[in-house]
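Inside the fold
Below are the chains, spelled out letter by letter.
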Amino acid sequence: VNERILLIDDDRVPIHYYLRALGEAGHAVEHKRNPDEAIEYLDMKADEVDLIILDVMIPSGKAFATEKTDEGMTSGLFLLKKIRAQWPTLPVLILTNLSPSELGGDKLTPLGQVESARKIDTDPFDLVDRVRLLLDSRDK
Amino acid sequence: MKIGVQTVLWGHHLDDIPGALDLIASYGCEGVEFTQRIEHLGGIRELHRMLEERGLTFVGLSGGTLQERMDYCGDAARPNYLYVGDWDDLIAPDAVRRGFTLALHPHLFKRIHRLADALNELQKHPDLSFLPDVAHLTIAGDRPHDAIMLGRDRLAAVHIKDWTPEYGRSSHRYARGFVELGSGIINWEQIFSALRRIEYDGWLILEQGTPGADPNLVIQSGVKWLGRIGRVPELRNRMSQSRPFVSRRPTSTLRDRQKPYSVADNNFLASVMLAASESTERCYTALAEAVYKLVDFRLILMCTCSPADNLIVVCAVFPTDVRLDSYVTSFDGSLSSVALERQAITRFDLTLAEPAAKYGRPNARLGYPDLVVNHGLTNLISLPVLNPFNPHHARMVVNLFGQTSATEIEDHYLVAIGECLAMAADSALDERCSLAAASVSVRAGQCLQLNAFLEELKGVTLRALRCEALSILLVNEAGDRLEIASTTGVRWFVPPGERFYRKGEGLTGTLWKNREHLLSVDAREPERIAKSTETVKTTRTSYLCTPMINAGGYVVGMIRCENKSGDQQGAFHMFSEDDLAVIEAISQAAVPHIEVLQSKERRARGLRRITHELHTPIVAIQGATRFMKRELSRQRGFSEEAFSEDYIGDIESWTHLMRRLLGNANFLRPDSDGVSLRLERVHLYGDLFVPALRHVILLLRDREFTDSGIHVERFENIPRLWVDKNLFQQVVFNLIANAIKFAHANPRQFRVHVTGDAVTAGYEIRFRDWGPGIRREIAETIFDEGVRGEEAKEKNVVGDGLGLWVVRRVVEAHGGNIRVTGCSNPTELTIFLPKTLETQKGNL
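Every residue gets a number counted from 1 within its own chain, in the order that chain's sequence is written. Think of it this way: whatever chain is written first is A, whatever ligand is written first is 1, and the rest follow in order. Where local features are concerned, this predicted model is filtered to residues with pLDDT of at least 70; where side-chain atom pairs are given and counted, the filter is 80 or more; whole-chain, interface and lining totals use all residues. With hydrogens and water excluded, all non-hydrogen atoms of the structure serve as input to the side-chain values.

1. Focus: the sheet that holds strand β4 (residues 81-84) of chain B
Residues and elements named next belong to chain B. Across the sheet, which stays open at both edges, the 8 strands sit in the order β6-β5-β4-β3-β2-β1-β10-β7 with parallel pairing between neighbours. A single partner strand is all that each edge strand has here, and the edge strands are β6 (128-130) and β7 (157-160). With strand direction ignored, the average angle separating the axes of adjacent strands in the sheet is 30 degrees. Two strands are counted as paired when DSSP detects at least two bridges linking them. Starting at the N terminus, helices and strands are each numbered in turn, a helix being any DSSP run of H or I of at least four residues and a strand any DSSP run of E of at least two. Angles shown run from 0 to 180 degrees and are taken between the N-to-C directions of axes, each axis being a line fitted to C-alpha atoms and, for helices, limited to the stretch in contact.

2. With respect to the packing of helix α15 (residues 411-444) of chain B against helix α16 (residues 450-465) of chain B
Residues and elements named next belong to chain B. The interhelical angle for the contact between α15 and α16, taken along N-to-C directions, is 160 degrees, at an axis separation of 9 Å. Accordingly, the angle class assigned to the pair α15 and α16 is roughly antiparallel. α15 and α16 meet at a crossing whose hand is right-handed. Of the residues in α16, those in contact with R432, A436, S439, V440, R443 and A444 of α15 are F453, E456, L457, V460, R463, A464 and L465. Residue composition of the contact of α15 with α16, grouped by class: 8 nonpolar, 1 polar and 4 charged. Small angles under 35 degrees read as roughly parallel and large ones over 145 as roughly antiparallel, with 65 to 115 read as roughly perpendicular and the rest as oblique. Note on convention: the crossing is left-handed when the near helix lies turned anticlockwise from the far helix by less than a right angle, right-handed when the turn is clockwise. Residues are treated as being in contact if the distance between any of their heavy atoms lies within 4.5 Å. Residues were grouped as follows: Ala, Val, Leu, Ile, Met, Phe, Trp, Tyr, Cys and Pro as nonpolar; Asp, Glu, Lys and Arg as charged; and all remaining residues, including Gly, as polar.

3. Comments concerning the side chain of T755 of chain B
Examined against the element boundaries, T755 of chain B turns out to sit in strand β26 (residues 752-758). Every residue in contact with T755 of chain B, bar those within four places of it in the chain, is listed here: E713, F715, E764, I765, R766 and R768 of chain B.

4. A short note on the confidence of the model for chain B
Residues and elements named next belong to chain B. For every residue, the predictor states its confidence as a pLDDT score lying anywhere from 0 to 100. Confidence along chain B averages 84 in pLDDT terms, with 88% of residues attaining 70 or more. Within the model, the stretch residues 236-251 combines pLDDT values under 50 with 29 contacts to residues more than four positions away or in other chains. This stretch, residues 525-533, has a pLDDT under 50; its non-local contacts, to residues over four places away or in other chains, come to 14 contacts. Interface predicted TM-score (ipTM) for the complex: 0.90; the corresponding pTM is 0.74.

5. Some points on the nonpolar core
Looking at soluble globular proteins, one finds that nonpolar side chains tend to be buried together. Residues and elements named next belong to chain B. As used in this record, nonpolar core signifies buried Ala, Val, Leu, Ile, Met, Phe, Trp, Tyr and Cys residues forming a set joined through side-chain atoms within 4.5 Å. Partly exposed describes any residue whose relative accessible area lies between the buried limit of under 20% and the exposed limit of over 50%, with all areas from a 1.4 Å probe on protein chains only and scaled to the type maximum. Core analysis: the largest hydrophobic core is formed by 85 residues, its most contacted members being F34, L47 and I219. The greatest single-element share of this core, amounting to 6 residues, is contributed by helix α1 (residues 17-26). Those residues in contact with I219 that sit more than four places away from it in its chain are V5, L9, W10, L23, I24, Y27, C29 and L206. In terms of nonpolar packing, the next biggest core, distinct from the first, is built from 54 residues, V682, F728, I740 and F750 among them.

6. What to know about the sheet that holds strand β19 (residues 500-502) of chain B
All names here are of chain B. The 6 strands are arranged β19-β18-β17-β22-β21-β20 in an open sheet whose pairing can be described as antiparallel. With one partner strand each, in any of the chains shown, β19 and β20 (518-520) form the two edges of the open sheet. Averaged over neighbouring strand pairs, the angle between their axes works out to 20 degrees when direction is ignored. Where strand β17 (residues 467-475) meets strand β18 (residues 481-488), 6 bridges bridge the pair, whose relative direction is antiparallel. Paired with V475 across the two strands is L482, which belongs to β18. In this fold α16 packs onto β17, β18, β21 (543-549) and β22 (555-564), with an angle of close to 145 degrees to the strand it touches most, β17. Where helix α19 (residues 577-636) meets the sheet, its contacts fall on β17, β20, β21 and β22, and the angle it forms with β21 comes to roughly 35 degrees.

7. Quick notes on the packing of aromatic side chains
Centre-to-centre distance and the angle between the planes together describe a pair of aromatic rings. Pairing of aromatic side chains here covers Phe, Tyr and the six-membered ring of Trp, requires ring centres within 6.5 Å, and sorts the geometry by plane angle: under 30 degrees stacked, over 60 edge-to-face, intermediate tilted. Overall, the coordinates contain 15 aromatic pairs over all chains when judged by the stated rule. Their ring planes at 75 degrees and their centres at 5.8 Å tell us that F348 of chain B and Y359 of chain B sit as a pair that is edge-to-face. In this pair, F348 of chain B sits in strand β14 (residues 346-349) while Y359 of chain B sits in the loop between β14 and α14 (369-375), placing the two residues 11 residues apart along the sequence. Residue classification places F348 of chain B among the buried positions, given a relative accessible area of 2%. Given a relative accessible area of 23%, Y359 of chain B falls into the partly exposed group. Measuring from ring centre to ring centre gives 5.0 Å for F689 of chain B and F715 of chain B, while their planes differ by 40 degrees; the resulting arrangement is tilted. Of this pair, F689 of chain B sits in helix α21 (residues 684-695) while F715 of chain B sits in the loop between β24 (710-712) and β25 (721-724), placing them 26 residues apart in sequence. Here F689 of chain B matches F715 of chain B in class, with each residue buried. Ring pairs connect the aromatic residues Y17 and F125 of chain A together with F627 of chain B, which therefore count as one cluster. For a Lys NZ or an Arg CZ to count as sitting over a ring, it must be within 6 Å of the ring centre and within 35 degrees of the ring normal. Over the face of the ring belonging to F178 of chain B we find K161 of chain B, whose NZ or CZ atom lies 5.0 Å from the ring centre. The ring of W770 of chain B has R751 of chain B sitting right over it, with the charged end atom 4.1 Å from the ring centre.

Shown next as structure tokens:
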């Protein structure tokens, strides 16, 4: 326990419940609200992170200001691409309101196998369970 | 204000001058501008006498070079002004010294066509007067009322005519857009407001109506329009004295020549008609061949003029085995340019050292000297082929090279040949433009998304223009960048994120800002092209760029083409003005589709964002509810399930209902073309029906039904299947919700039975209810988008006919199908799911 999770999401209120549940489950959670903050944190502490939970619809930040993020609708995918390139061993769980159609294969296929969950199907305790599964499978 | 008439209404020829002047005077007009060449106007004294007899003022004269017009007028009778395209240091000072007024006339495809350039020329040359044309300035992208205000102190006259952009702005076709006053896009309110503000009392010149229209009708409608809008009331009074209709002179024909009409003429006309049906490239060669067979000349060389490059370009040679060292020569100093400037048949004796000396151009030379030597050519006739709809524009020059016999052919015979060639070339071009525009429209009908349409647009343009590289650029929503939307054959210096242009920056940005197109036939030399670093192509031989302008006059994007492909010789190895007309036709056809699709995508994005934002409170409520249940169960020692019947249960039920309604809303988004699945191995009863039944509780309560009316079997014959749990919950919800909505009002009659069976190829799930049933005739269409039965209207059931459509889309995405298997008592809908769903890699 005490695995460190980096949660990247610009929301505050719904995320509050996820943060609380993960905290109660014994995880140390860092909440970053845009790609710039996340990259800055990873640049310093990527070695300490066990899992990244990443929303897709986040502000583009300076990091992806010139990319076609569809006004922020897909900034998270650009961040995922960067994470895969720069910190390839870090496991990532995409936690988003986007449907599978929107998170479609054409966008994710180049990024390899990606774990994902829909927020609306995932209450705080479901997330704790999912995180546990992912961390355990990593340990194996 | 005084109203004058331009004789361009009569076309290239004005054979019945007294008739034309009678007509002009009959409508109360007071002056005349002559545009035909001076040799068609008769003697200046006679012309002046005819004008005086009718009380008409000799306002202006434009046909022929400035020197020719000055010589024609002499000291006898001078018009108010002579048109000039710019200030020519060689002759203009002499004209002023002799007492002529020179009126600068900004004109499309002349050196000065923009207002800023005209004002600059006026500032540099105080002796110039100003003759703005409201239509030309509008087409060029300027505001004519600005011209009136800024040039107020120098106005010689104002040309008034109206224009619509249907034919585009290319040199070959723009003049076909002239229309009756008041029926085009010219902003008359602002123009007349400006004229009133400067208290203008000079000349308004009626110039051109619909191309080919009868001059009588054009003047009549123009004068009526002016009277109707109350600008020129005195004309209305004089209208009562108008004279009877005077018919228009017929177009000259081959019969006009002195010799009898011959079989050779007939063959020529047939060849020309056939040539017009060819592609533009082949058309010109076929026309050259037709001329060659008709007249006794050794060589026919057809040339076009590229105003942007100041070049004369060979577009066809006949016989075709004749090779030229160069197919491109400079406009300045060439013999063809002499004919183009004169806009008249021009004869050259090639044995002379200065063949154009008699036309005041001693330095002009033939651009192909070897040709003369190699083929023993001694004479050349240059025949400018004038645009049938625009006498100011020469479409091309036909050079007829011969020996001594060259001088024997009569001018009017050549003019008739030129008219036939012009119409054939126009006809071929019309065909290309129509086909390209139709292709765009047809393909647009097959595209639901902008990107798909842009790919089709790219294909149509590549086929129509045969270019090596093509870029379609669109202005972004902020309006500050022109961004690459689709491109092919272009190698970029910069990464994708930097492939855009700001307004006014670089060549493309400047064309965007000025709303101008650019045709550079030979793009190897001009610095403005060569300096552009948009691609790494080492040889940019030809360049074509056009703005896509919408109905409001705003630039939506640009289409940019580089390097014509193919093995044709001459001009058609490069882009031509024909290509410019075609790409304009493509652009005009594409713009409305682009705007509709962009608007659709904006709305889709808005809907997408709203549906996502609606998810946020649901996620928050779900999170809060879970924590609340946990806290309360700890405090009270109950299990969490115990709260399902109280207020917390209500909150959960409402949240579930919102989720399901949002689930349907997601399918409504225009961008939700496909259904992507997140497959999980589920048990139909526990994972799909139990949650879905919880989701319909509020619907049941609303009708005072209970869930006891719903019987769902446990599906023990069906194994766990790989389906998208969320979407299939939506399916179950929609089907049961549908049964609830349409059920009879009596709660005791409400019944829904759901059963499932294994069949040979898969599994069937049957939904039965004992509601009002489905009419047999709509059983096939009930799963289509937006279909609602009469029952829905009769029972005041609110909806849009989308629930069953969503069901079908989800079921079909799983490789199954749904159909009506019973229309009443019970109504039965059956879902079939394939056996392959037993394994994750089922055949989806």
